[in-house]
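Notes for the structure review
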Amino acid sequence: MHITKVRARDLRRDLCNGCISGVLLLETGAGQVCLNVSTPAAETLSVGLWSDALRQLKRLPEFRRDLRQITWTASALDGMCAEA
(Lines give C-alpha, C1' and ligand atoms only; values in the text may rest on other atoms or scores of the structure.)
Protein backbone atom coordinates (compact mmCIF):
# COMPACT_ATOMS: atom_id res chain seq x y z
CA MET A 1 0.00 0.00 0.00
CA HIS A 2 1.48 3.33 -1.07
CA ILE A 3 -0.20 6.28 0.67
CA THR A 4 -0.20 9.54 -1.25
CA LYS A 5 -2.28 11.79 1.01
CA VAL A 6 -3.62 11.70 4.59
CA ARG A 7 -6.54 13.84 5.73
CA ALA A 8 -8.11 14.08 9.19
CA ARG A 9 -11.87 14.52 9.58
CA ASP A 10 -14.37 14.86 12.43
CA LEU A 11 -11.81 15.43 15.20
CA ARG A 12 -13.31 15.38 18.70
CA ARG A 13 -11.78 16.08 22.10
CA ASP A 14 -12.89 13.74 24.90
CA LEU A 15 -12.27 15.66 28.11
CA CYS A 16 -13.15 12.69 30.35
CA ASN A 17 -10.56 10.38 28.81
CA GLY A 18 -8.06 13.07 27.83
CA CYS A 19 -7.85 11.98 24.22
CA ILE A 20 -8.60 13.27 20.74
CA SER A 21 -10.29 11.00 18.22
CA GLY A 22 -11.41 11.26 14.63
CA VAL A 23 -11.18 9.72 11.19
CA LEU A 24 -8.10 9.53 8.97
CA LEU A 25 -8.60 9.15 5.24
CA LEU A 26 -5.58 7.51 3.62
CA GLU A 27 -5.50 8.04 -0.14
CA THR A 28 -3.77 5.45 -2.32
CA GLY A 29 -3.57 4.81 -6.03
CA ALA A 30 -6.32 2.20 -5.65
CA GLY A 31 -8.72 4.29 -3.54
CA GLN A 32 -9.12 5.30 0.10
CA VAL A 33 -8.78 3.63 3.47
CA CYS A 34 -10.80 5.11 6.31
CA LEU A 35 -9.63 4.52 9.90
CA ASN A 36 -11.08 5.62 13.24
CA VAL A 37 -8.08 6.82 15.24
CA SER A 38 -7.36 8.35 18.64
CA THR A 39 -4.41 9.79 20.54
CA PRO A 40 -3.77 11.16 24.03
CA ALA A 41 -4.41 14.91 24.11
CA ALA A 42 -0.91 15.50 25.49
CA GLU A 43 0.70 14.07 22.34
CA THR A 44 1.29 16.07 19.16
CA LEU A 45 -1.97 15.71 17.23
CA SER A 46 -0.70 14.72 13.78
CA VAL A 47 2.00 12.39 15.15
CA GLY A 48 -0.41 10.66 17.53
CA LEU A 49 -3.14 10.14 14.94
CA TRP A 50 -0.67 8.90 12.32
CA SER A 51 0.92 6.49 14.82
CA ASP A 52 -2.48 5.01 15.65
CA ALA A 53 -3.29 4.63 11.94
CA LEU A 54 -0.01 2.78 11.32
CA ARG A 55 -0.62 0.56 14.35
CA GLN A 56 -4.02 -0.43 12.95
CA LEU A 57 -2.72 -1.02 9.42
CA LYS A 58 0.09 -3.26 10.68
CA ARG A 59 -2.50 -5.49 12.38
CA LEU A 60 -4.26 -6.25 9.07
CA PRO A 61 -3.45 -9.77 7.85
CA GLU A 62 -1.74 -8.73 4.60
CA PHE A 63 0.70 -6.49 6.51
CA ARG A 64 1.05 -8.63 9.64
CA ARG A 65 2.29 -11.54 7.51
CA ASP A 66 4.68 -9.24 5.58
CA LEU A 67 2.90 -9.95 2.30
CA ARG A 68 2.66 -6.21 1.58
CA GLN A 69 4.49 -3.11 2.76
CA ILE A 70 3.15 0.25 3.89
CA THR A 71 4.86 3.21 2.23
CA TRP A 72 3.96 6.87 1.84
CA THR A 73 5.14 9.89 -0.12
CA ALA A 74 7.22 12.53 1.64
CA SER A 75 4.35 15.02 1.39
CA ALA A 76 1.53 12.64 2.39
CA LEU A 77 1.20 14.09 5.90
CA ASP A 78 1.46 17.77 4.86
CA GLY A 79 -1.64 19.61 6.03
CA MET A 80 -3.17 16.45 7.46
CA CYS A 81 -5.18 18.28 10.14
CA ALA A 82 -5.75 21.50 8.18
CA GLU A 83 -9.31 20.67 7.13
CA ALA A 84 -10.37 18.90 10.32
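The shown structure was predicted, so the numbers you read here are calculated from the model rather than taken from an experiment.

**Some thoughts on the pattern of salt bridges**
This model, assessed by the stated rule, comprises two salt bridges. When the shortest N-O distance is used, the salt bridge between glutamate 27 and arginine 7 registers 2.5 Å. Linking glutamate 27 in strand β2 (residues 19–28) with arginine 7 in strand β1 (residues 2–14), this pair joins segments that are 20 residues apart in sequence. Using a relative accessible area of 18% as the deciding quantity, one classes arginine 7 as buried. For aspartate 52, the salt bridge is made with arginine 55, and the minimal N-O distance between the two is 2.7 Å. Placement of the pair is aspartate 52 and arginine 55 together in helix α1 (residues 45–58), with a separation of three residues, close to one helical turn. On the accessibility criterion, arginine 55 (42% relative accessible area) is partly exposed.

Cut-offs and rules
Residues numbered from 1 in each chain as written. Predicted model: local features only at pLDDT ≥ 70, side-chain atom pairs only at ≥ 80, totals over all residues. Heavy atoms only, no water. Salt bridge = Lys/Arg side-chain N within 4 Å of Asp/Glu carboxyl O. Helix = DSSP H or I, 4+ residues; strand = E, 2+ residues; numbered from the N terminus. Buried < 20%, exposed > 50% of the residue type's maximum accessible area, 1.4 Å probe, protein only.

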